[in-house]
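A structural walkthrough
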Amino acid sequence: MERIPAGRWGEPKDFGGPVVFLASDASNYLHGAIISVDGGWMGR
């Protein structure tokens, strides 16, 4: 757990924000990107 910057395991509700973003017009110019929902694991 100490290796995850968020300090906890992810939960299904953690996907809500990115899903809403990707389903909205705010992401209509986004192509071929990877959005990591991992509590900061990839950025460490």
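Calculation criteria
Residues numbered from 1 in each chain as written. Predicted model: local features only at pLDDT ≥ 70, side-chain atom pairs only at ≥ 80, totals over all residues. Heavy atoms only, no water. Helix = DSSP H or I, 4+ residues; strand = E, 2+ residues; numbered from the N terminus. Buried < 20%, exposed > 50% of the residue type's maximum accessible area, 1.4 Å probe, protein only. Areas by Shrake-Rupley, 256 points an atom, 1.4 Å probe, with all protein chains shown as cover. Lys, Arg positive; Asp, Glu negative; His and termini not counted. Charge placed at Lys NZ, Arg CZ, Asp CG, Glu CD. 1 Å grid on protein atoms, 1.4 Å probe; cavity = no way out; pocket = protein on both sides within 12 Å on 5 of 7 lines; lining within 4 Å. Points joined across faces, edges and corners; volume = space filled by probe spheres on them. Nonpolar A, V, L, I, M, F, W, Y, C, P; charged D, E, K, R; others polar. Polar contact = N/O pair within 3.5 Å; in protein donor to acceptor, adjacent residues only side chain to side chain. Contact = heavy atoms within 4.5 Å.

1. Thoughts on the overall build of the protein chain
Assigned secondary structure in the protein chain consists of 1 helix and 0 strands. Considering only C-alpha atoms, the protein chain reaches an extent of 35 × 20 × 10 Å along its principal axes. Looking at the protein chain as a whole, 5% of its 44 residues are labelled buried. If you sum the accessible surface of the protein chain, you get close to 3,900 Å²; carbon and sulfur atoms cover 60% of it. Computed over 4 positive and 5 negative side-chain charges, the inter-centroid distance for the protein chain is 8 Å.

2. Looking at the layout of surface pockets
Volume-wise, the largest pocket comes out at about 180 Å³. Across the lining of the largest pocket, the residue classes tally to 6 nonpolar, 2 polar and 4 charged.

3. Digging into the side chain of serine 27
When you line up the elements, serine 27 lands in the segment after α1 (16-23). At 3.0 Å, the side chain of serine 27 and the backbone oxygen of leucine 22 are in polar contact. Among residues more than four places away in sequence, those in contact with serine 27 are Phe21 and Leu22.

Taken by themselves, the reported measurements are silent on function.
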